[in-house]
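# Structural characterization, general
Listed below are the residues making up each chain.
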Amino acid sequence: MRQVFEALERLGYSGSLQVHSAPTVLVPDERAHQVLLGFGGRIGEALRKLSGRFGPETPCVVLDGKPLQTTLGEAAKGSADFLVVPRTARERPGGVYGLVDVVDRLLGPGGCPWDQAQTHGSLRRHLIEEAYELVDAIDAGDGAKMLEELGDVLLQPVMHAQMEALAGNWDIDAVAAAITEKLVRRHPHVFGDVKAEDAEQVLRNWDAIKKAEKGGQDSILGGVPRSLPALLRAFEVSKRAARAGFEWPSLDGVWEKLAEEEDELRAAPPERQAEEIGDLLFTVVNLARWMKVEPEDALRQMVDRFTARFQAMEAATERPLAELSAQEWDELWRRAKRGLGPEPNA
């Protein structure tokens, strides 16, 4: 390091340093001089990891005996024990890289003990919670809340990626590159010469491309996460099976299946009732799919209506609800429905 300091001093550079020691390449803080140590013959690989922030024409200094001023592009062609990229900014970067910079500080030396104690597993529930909070903001049509919640959701992949970067593995640029390549590969009707007349054809092409990528062996249902909420998982399984051709010829067939499942549930002994209820629910999911209704959204909205009406009933009576007669319950429910506007069949 003394050699680095002396070289920087001779070149007239002063200020803070950010040191990248092989094999780890940190998220570069453009307010500091970037120092790469110990990469030797792998210096080109290390510089490519910085390519999201520095272009090939960015000046740098190779310290190999004596300082050699060159560019990142030229330096990547050789090897060096020490390389310095002079700072390019004095303020924190904006946009996504500003967030990456903050997370890098939180997880790095002198950062936040709570953040540093996290693992991929411990952050799992936060990703789920933040996603549902975003859904609430979307359902409420609250643009300002959506902006906030999208930021909370965005933080999660950046945290996971930066944990891997600090371990010497991939970073958020690698995540972005992977999804970019996948999107281009699976949209040949946009980026290639494949034709897709409608959204259904797009989905069929997507499934075929995905299956080919996996060697043609993976089940079309294999990519549906088991960790999804049951209703969402049922809907996704239903859609994928239908795209593969496992489908009723018309909506009438789904109605007939619904009636059949209802009869089987009514006749089921206690030990088979859970199974038959599952069959009935899955048929309802298929009915929703045919009607182009998202069952998760439909059920969420129904529960919201029920909650609002039940709370209206609670507010409309001074007596304990448990003491009300069936007739009083019915009247309160009707009043609650009228107060919230007409809702047929609810």
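Residues numbered from 1 in each chain as written. Predicted model: local features only at pLDDT ≥ 70, side-chain atom pairs only at ≥ 80, totals over all residues. Heavy atoms only, no water.

## Structural notes on a nonpolar patch on the surface
On the surface, a nonpolar cluster with roughly 330 Å² of combined accessible area is contributed by Leu299, Met302, Val303 and Phe306. As for its placement among the helices and strands, Met302 is situated in helix α14 (residues 295-316). (Patch = residues over 30% accessible without salt bridge, like charges linked within 9 Å, V, L, I, M, F, W, Y side chains within 5 Å. Areas by Shrake-Rupley, 256 points an atom, 1.4 Å probe, with all protein chains shown as cover. Salt bridge = Lys/Arg side-chain N within 4 Å of Asp/Glu carboxyl O. Helix = DSSP H or I, 4+ residues; strand = E, 2+ residues; numbered from the N terminus.)

## A few points about empty space enclosed by the protein
Applying the stated criterion across every chain, the model contains 2 cavities of 30 Å³ or more. Within this model, the largest cavity holds a volume of roughly 140 Å³. In this structure, the largest cavity is lined by 15 residues; those nearest its centre are Val25, Leu26, Val27, Lys49 and Asp171. Counting residues per element, the ones that place at least two in the lining of the largest cavity are α4 (95-107), α7 (143-166) and α8 (172-185). When the residues that make up the lining of the largest cavity are grouped by side-chain class, the tally is 8 nonpolar, 3 polar and 4 charged. Around the second largest cavity, the lining residues are Pro23, Val25, Phe39, Arg42, Glu45, Ala46 and Lys49. (1 Å grid on protein atoms, 1.4 Å probe; cavity = no way out; pocket = protein on both sides within 12 Å on 5 of 7 lines; lining within 4 Å. Points joined across faces, edges and corners; volume = space filled by probe spheres on them. Nonpolar A, V, L, I, M, F, W, Y, C, P; charged D, E, K, R; others polar.)

## As for the packing of helix α11 (residues 230-243) against helix α13 (residues 273-290)
In contact at an axis separation of 9 Å, α11 and α13 are set at 60° when each is read in the N-to-C sense. Considering their axes alone, α11 and α13 lie oblique with respect to each other. Helix-helix and strand crossings are classified by hand; for α11 and α13 the assignment is right-handed. Within the contact between the two elements, α11 uses Leu231, Ala234, Phe235, Val237, Ser238, Lys239 and Ala242 and α13 uses Phe282, Val285, Asn286 and Arg289. For the contact of α11 with α13, a count of residues per class yields 7 nonpolar, 2 polar and 2 charged. (Axes fitted to C-alpha atoms, helices over the stretch in contact; angles between N-to-C directions. Parallel < 35°, antiparallel > 145°, perpendicular 65-115°, else oblique. Left-handed = near helix turned anticlockwise from the far one by under 90°. Contact = heavy atoms within 4.5 Å.)

## Topic: the packing of α11 against α14
When two helices pack together, their arrangement is given by the angle between the helix axes and the distance between those axes. The contact between α11 and α14 brings their axes to 9 Å, and the two run at 150°. What the angle tells us is that α11 and α14 run roughly antiparallel. Listed contacts from α14 to Leu231, Leu232 and Phe235 of α11 are Pro295, Glu296 and Leu299. Within the contact of α11 with α14, the residues separate by chemical class into 5 nonpolar, no polar and 1 charged.

## Quick notes on unusual backbone geometry
For the bond from Ala22 to Pro23, the omega torsion is 5°, close enough to zero to count as cis. Of note, Pro23 is situated in the loop between β1 (17-21) and β2 (33-40). Phi angles above zero are rare outside glycine, and Lys292 is one such case at about 60°. Take Lys292: its relative accessible area is 76%, and that puts it in the exposed class. (Buried < 20%, exposed > 50% of the residue type's maximum accessible area, 1.4 Å probe, protein only.)

## Here's the deal with the nonpolar core
If you look at the biggest cluster of nonpolar residues, it comprises 15 residues, and the most contacted ones within it are Leu36, Leu47, Leu72 and Leu83. Every element with two or more residues in this core is listed here: β2, α2 (43-49), β3 (59-64), α3 (72-75) and β5 (80-85). The contacts of Leu72, once residues within four sequence positions are left out, are Leu47, Phe54, Gly55, Pro56, Thr58, Cys60, Leu83 and Val85. Counting 10 residues, the second-largest nonpolar core is a separate cluster that includes Val27, Val158, Ala161 and Ile172. (Core = buried A, V, L, I, M, F, W, Y, C linked by side-chain atoms within 4.5 Å.)

## Considerations on α7
Between its first and last C-alpha, α7 extends 35 Å over 24 residues, near the 34 Å set by a 1.5 Å rise per residue. Those residues of α7 that fall on the buried side of the exposure criterion are Glu149, Gln156, Val158, Met159, His160, Ala161, Gln162, Met163, Glu164 and Ala165. Packing partners of the buried residues in α7 comprise α4, α5 (113-116), α6 (120-140) and α8. Where α7 starts, the residue carrying a side-chain oxygen 3.3 Å from the main-chain nitrogen of Ala144 turns out to be Asp142. Immediately beyond the C-terminal end of α7, within one or two residues, lies Gly168, with a positive phi of roughly 85°. (Expected span 1.5 Å × (residues − 1). Polar contact = N/O pair within 3.5 Å; in protein donor to acceptor, adjacent residues only side chain to side chain.)

## Let's talk about the packing of aromatic side chains
Under the definition given, this model contains 3 aromatic pairs. Look at Phe306 and Trp333: their rings are 5.7 Å apart centre to centre, the planes differ by 45°, and that puts the pair in the tilted class. Separated by 27 residues along the polypeptide, Phe306 in helix α14 and Trp333 in helix α15 (residues 326-339) bring together distant segments of the chain. Phe306 sits in the partly exposed class, given a relative accessible area of 39%. By the ring-pair criterion, three or more aromatic residues cluster together here, those being Phe306, Phe310, Trp329 and Trp333. (Phe/Tyr/Trp six-rings, centres within 6.5 Å; stacked < 30°, edge-to-face > 60°.)

## A closer look at the confidence of the model for the protein chain
Per-residue pLDDT for the protein chain has a mean of 86; in total, 94% of the residues score no lower than 70. In this model residues 340-346 is a low-confidence stretch, pLDDT under 50, and it forms 11 contacts with partners more than four residues away in sequence or in other chains. (pLDDT = per-residue confidence, 0-100.)

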